[in-house]
Amino acid sequence: MAIFSKRSFLRAGIGCALGFGLVNLAHAQATSLSNTPRPVANANALSSEPVIDGDVLNDPAWQNAEPITDLIQIQPNSGLNATQRTEVFVGYTDEAIYIGVIAHDTNPELIIATDSRRDSSLTDTDAIRIMIDGLLDRQNGFVFGTNPAGVEYDGQVTREGAGQFISGGEGGFNLNWDAPWTVNSQIGDYGWSTEMRIPFSTLRYGTAEEQTWGFNVERRIRRNNEIAYWAPMSQDRDILRVSEAGSVEGIRPPKQRNLQITPYVLGRYNEGGDLTNSESDSDFGVDLKYSITPSLTLDATYNTDFAQVEVDDVQVNLDRFNLFFPEKRPFFLENAGQFTVGNPREVELFFSRRIGIASGSPVPIEGGLRLSGKVGPTTNVGLLYMGSEAVDGVISGNNYGVVRINQELKNRSSIGMLFVDRDGDGSLNGNPGEDENQTYAIDGRWGIGRNLLLQAWAAQTDTPELDGDDRAFALNGDFNNADWSASLGYTEVQENFNPEVGFLSRSSYRKWTGRILRRYRPKDFGNIFELRPHISYNGFWDFEGFQETGFLHVDNHWEFRNGMEIHTGMNFTREGVKEPFDIVDGVTVQPGTYDHSEVMLQYLGDRSAPLNFSMLAIIGGRFGGDRVRLTPTLRYRIGEKFSSELAYIYNDFDLPVENGKFTANLARLRLSYSFTPRILIQLLSQYNEQADTFSNNVRFSWLQSANAGLFIVYNEIDERGIGAPPRGREFIIKYSRIFDVFN
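Residues numbered from 1 in each chain as written. Predicted model: local features only at pLDDT ≥ 70, side-chain atom pairs only at ≥ 80, totals over all residues. Heavy atoms only, no water.

Caption draft 1: The overall build of the protein, seen in detail. Helices and strands together make up the secondary structure of the protein, namely two helices and 48 strands. What you see for the protein is a C-alpha radius of gyration of 26 Å, in line with the 27 Å of a compact globule of 743 residues. Seen along its three principal axes, the alpha-carbon backbone of the protein occupies a region of about 75 × 65 × 60 Å. A buried classification covers 55% of the 743 residues belonging to the protein. When contacts within the protein are restricted to residue pairs at least 6 apart in sequence, long-range pairs at least 24 apart make up 59% of them. Just so you have it, the protein exposes about 31,600 Å², and 55% of that area is on carbon and sulfur atoms. With 67 positive and 97 negative side-chain charges, the protein shows a spacing of 4 Å between the two charge centroids. (Helix = DSSP H or I, 4+ residues; strand = E, 2+ residues; numbered from the N terminus. Rg over C-alpha atoms; globule rule 2.2 N^0.38 Å. Buried < 20%, exposed > 50% of the residue type's maximum accessible area, 1.4 Å probe, protein only. Contact = heavy atoms within 4.5 Å. Areas by Shrake-Rupley, 256 points an atom, 1.4 Å probe, with all protein chains shown as cover. Lys, Arg positive; Asp, Glu negative; His and termini not counted. Charge placed at Lys NZ, Arg CZ, Asp CG, Glu CD.)

Written as structure tokens, this is what we have:
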């Protein structure tokens, strides 16, 4: 089928016109941010390029550069100077921004480096993170980080990460954004140091000859549980708070000419499973990235493949609502925050896993285009068009179109629109005229002062066989300062609201949610660093007033000075079941209202230690009976190269129905060894007791840059039930390479 259809382009055009009309209406209200004092530094024009080996002290390129110093703690002692001196050098050449950091340490033998895998967590290691807001819009930016092992850590910040969820990230921080850049670190008797080279083509920035960029520095000293920033913030903030960053002046970037072409070749071999004979095939494809302006990027993909992506974690559904599986495919994760509208994991109006995946299995993607970035200083645009092939008896061939426009206003505020279209070829339902679906939405947020954020969205869907009752909306308010955090929200989803290229955990409901949390850091209370008592409530009702779910959570988090935490909570639950459903095969929960209470205890060990343990225990009632849920996790590492994680999810039910005493357990083992920060082998083994299946996913990667390089993948699934097919095996070799045409 054709990737582009007139009907979808017409709808997209109408969506664009409506969106730009909305933008123009709101644009008159946009004003500059308040002149809150922030630290300012100057970028250094470098006469020679630093050697990216981590040796900042002896690199002549940095000798005449003026460093950023004087970092301020937010923990453990908020407002005090950092306990160790830090020097941060910022320089540039005609091709790249360079950052050199000397993290002085009076006890270098106590420096902690826990991992060297790309994008591994920097929470439990000594680390440096740099935030760059090249457009100086005070809402969006990029984060680059590393640790003493030289890990490459990068991510994309959208709208300060507030009120969003991006699969694989932290809130609105997209950790799966991967870009070409270089970093190296080393440890010495002075502490540790690192050097970064970030090509201008990796960043987005304005058009002025001389520019000022938003900039912030975060340093973590893990043994002290210490976090410090260059631009001082209160203890509830982090580096994603782009509006409170400092500034670096005097940057003279080049007129950007960026064209990257990434071809791939792939070979695949399959045997066993449902196959009567072994099969092998080969394939090829290409991705293209072109910067139309320094702030607007066009991506194109042909014959898209994601063979190198880690398989999903196995889940078992012990309720009557839809499970959520996060997006892991790189093409869809890049700039994902720009397309995010809705309630995370509950009502997501655009959910990219609807493209190229059906019933958990891949669907061939013919190709597509994505245009994303900024038009002018404050207008964000996102256009996506993808085409996928039909799979007999599973899914029709589809063209997908998404239009997203967002106008940024002052003080973290914005207003925007979203249009999502699916245009099918009718090969599944036999009627092309009714194989379609559209979603229309508007959304906005209003920042009040530094601590209050109001957010809302409203949407309607259009599905041929559904008429009326097809709207949804949500209102949410969040307050957050150093001592208190509170939220209140209301969501309504009508019966025929049907975003087919989105995600709904359930339909036809009204929901109230509220939460209040107190942060308290006692000065002298044993080894306690912070106490966080809180209470929250989520309640779902149908449109006739019947309560389907009630969840009251009362808890206190006890955080210790070494980062260990103990959570002591109680849950008071209500489940209103209107129709019988099978919680597992052969066990049916009957209609009724079930009120229960349960103890919820959690222990989180010090993850900076080589050996650590965590456990979540939930013990109480469920559907008129008893449930015990235990999730012990054991982690062990050797230096920064080898890491392992063994997790067991134990579910024990005793329900007052036939066959009501059962278990539904999962086991998961992860092993990883990093030969270098760019050469890695990983194993993911999983066992599902209810399905009686055992699976393995082994991945070897040798990265050239970002997500390009050599990948060798082995997948195995063993279904052990009576009459199960033979063990299925898949072996894949894929090679891709980035060609930077202009650089």
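Let's pick the thread back up.
Caption draft 2: Region of interest: the side chain of N44. By the secondary structure assignment, N44 is in strand β2 (residues 44-45). Separated by 2.8 Å, the side chain of N44 and the backbone oxygen of V90 make a polar contact. Not counting chain neighbours up to four residues away, the residues in contact with N44 comprise N64, A65, E66, V90, G91 and Y92. (Polar contact = N/O pair within 3.5 Å; in protein donor to acceptor, adjacent residues only side chain to side chain.)

Caption draft 3: How the structure looks around the pairing of strand β8 (residues 153-157). Where burial is concerned, most of β8 is hidden: five out of the five residues are buried. Side chains Y153, G155 and V157 project from β8 onto one buried face, and the interleaved D154 and Q156 project onto a second face that is buried too. In this structure, strand β7 (residues 141-146) lies alongside β8, joined through five bridges in antiparallel fashion. What sits directly across from G145, in β8, is Y153. (Pairing = 2+ DSSP bridges.)

Caption draft 4: Fine view of the sheet that holds strand β10 (residues 182-188). The sheet built from five strands is open, its strands ordered β2-β4-β5-β11-β10 with mixed pairing. Only two strands of the sheet have a single partner each, and these edge strands are β2 and β10. The pairing of strand β4 (residues 86-92) with strand β5 (residues 96-104) spans seven bridges and is antiparallel. Residue pairing across strands places T86 opposite A103, the latter belonging to β5.

Caption draft 5: Just the environment of D238, in detail. Structurally, D238 is set in the loop between β13 (226-229) and β14 (246-251). Residues D238 and I74 lie 164 residues apart in sequence; the distance between their C-alpha atoms is 8.9 Å. Beyond its immediate sequence surroundings of up to four residues, D238 is in contact with Y229 and M233. Separated by 2.9 Å, the side chain of D238 and the backbone nitrogen of L240 make a polar contact.

Caption draft 6: Up close: the sheet that holds strand β30 (residues 503-504). Taken together, the three strands give an open sheet; going across it, the order is β18-β19-β30, and neighbouring strands pair in antiparallel fashion. Of all the strands in the sheet, just β18 (342-343) and β30 have a single pairing partner and so form its edges. Direction of pairing for strand β19 (residues 347-348) relative to β30: antiparallel, over a ladder of two bridges. Directly across from V347, in β30, lies its bridge partner L504.

Caption draft 7: Inspection of the nonpolar core at higher detail. If you look at the biggest cluster of nonpolar residues, it comprises 35 residues, and the most contacted ones within it are I99, F144 and F215. Listing elements by their share of this core, those giving two or more residues are β4, β5, β6 (127-133), β7, β11 (191-199), β12 (211-221) and β14. If one sorts the elements of this core by residue count, β5 sits on top with four residues. When neighbours within four sequence positions are excluded, F144 is seen to be in contact with I128, R129, I130, I132, Y153, D154, W177, W181, M196, I198, T202 and L203. (Core = buried A, V, L, I, M, F, W, Y, C linked by side-chain atoms within 4.5 Å.)

Caption draft 8: Up close: a nonpolar patch on the surface. Taken together, the side chains of I566, Y603, L611, F613, L634, Y636, I638 and L646 make up a nonpolar region of the molecular surface, amounting to roughly 700 Å² of accessible area. The topology assignment puts Y603 in strand β37 (residues 592-604). (Patch = residues over 30% accessible without salt bridge, like charges linked within 9 Å, V, L, I, M, F, W, Y side chains within 5 Å. Salt bridge = Lys/Arg side-chain N within 4 Å of Asp/Glu carboxyl O.)

Caption draft 9: Structural detail: the pattern of salt bridges. In this structure the tally under the stated criterion is 53 salt bridges. E87 is paired through a salt bridge with R85; the nearest N and O atoms lie 3.5 Å apart. When its relative accessible area of 14% is taken as the criterion, E87 is described as buried. Here the residues in one salt-bridge network are R118, E152, D154, D178 and R678, joined through shared partners.

Caption draft 10: Fine view of the packing of aromatic side chains. The final tally for this structure, using the stated rule, is 24 aromatic pairs. An angle of 50 degrees between the planes, with centres 4.8 Å apart, marks the rings of Y490 and W512 as tilted. Taken as a pair, Y490 in strand β29 (residues 484-493) and W512 in strand β31 (residues 509-518) lie far apart in primary sequence, 22 residues in all. Clustering of aromatic rings is evident, with ring pairs tying together F142, F144, W177 and W181. In this structure, R506 packs its charged tip against the face of F321, placed 3.7 Å from the ring centre. A cation sits over an aromatic face here: K734 above Y264, 4.8 Å from the ring centre. (Phe/Tyr/Trp six-rings, centres within 6.5 Å; stacked < 30°, edge-to-face > 60°. Lys NZ or Arg CZ within 6 Å of the ring centre and 35° of its normal.)

Caption draft 11: Structural detail: unusual backbone geometry. Omega for the peptide link from Q75 to P76 comes to 5 degrees, which places this bond in the cis form. If you trace the backbone, P76 turns up in the loop between β3 (72-75) and β4. Phi at R138 is positive, roughly 60 degrees, even though this residue is not glycine. The residue R138 is located in the loop between β6 and β7 in this model. One non-glycine residue with positive phi stands out, namely N659, at about 60 degrees. Tracing the backbone shows N659 in the loop between β41 (642-654) and β42 (661-663).

Caption draft 12: Inspection of the confidence of the model for the protein at higher detail. When pLDDT is averaged along the protein, the result is 89, and 93% of the positions lie at 70 or above. Below pLDDT 50 for its whole length, residues 1-36 participates in 64 contacts with residues either more than four positions away or in separate chains. (pLDDT = per-residue confidence, 0-100.)

Caption draft 13: Representation of the pairing of β6. Counted residue by residue, β6 has seven buried out of seven residues, so it is predominantly covered. Every second residue of β6 is oriented toward a common face, with A127, R129, M131 and D133 on one face and I128, I130 and I132 on the other, all of them buried. Where β6 and β12 come together, seven bridges link them in antiparallel fashion. Bridging across to β12, R129 finds its partner in E218.

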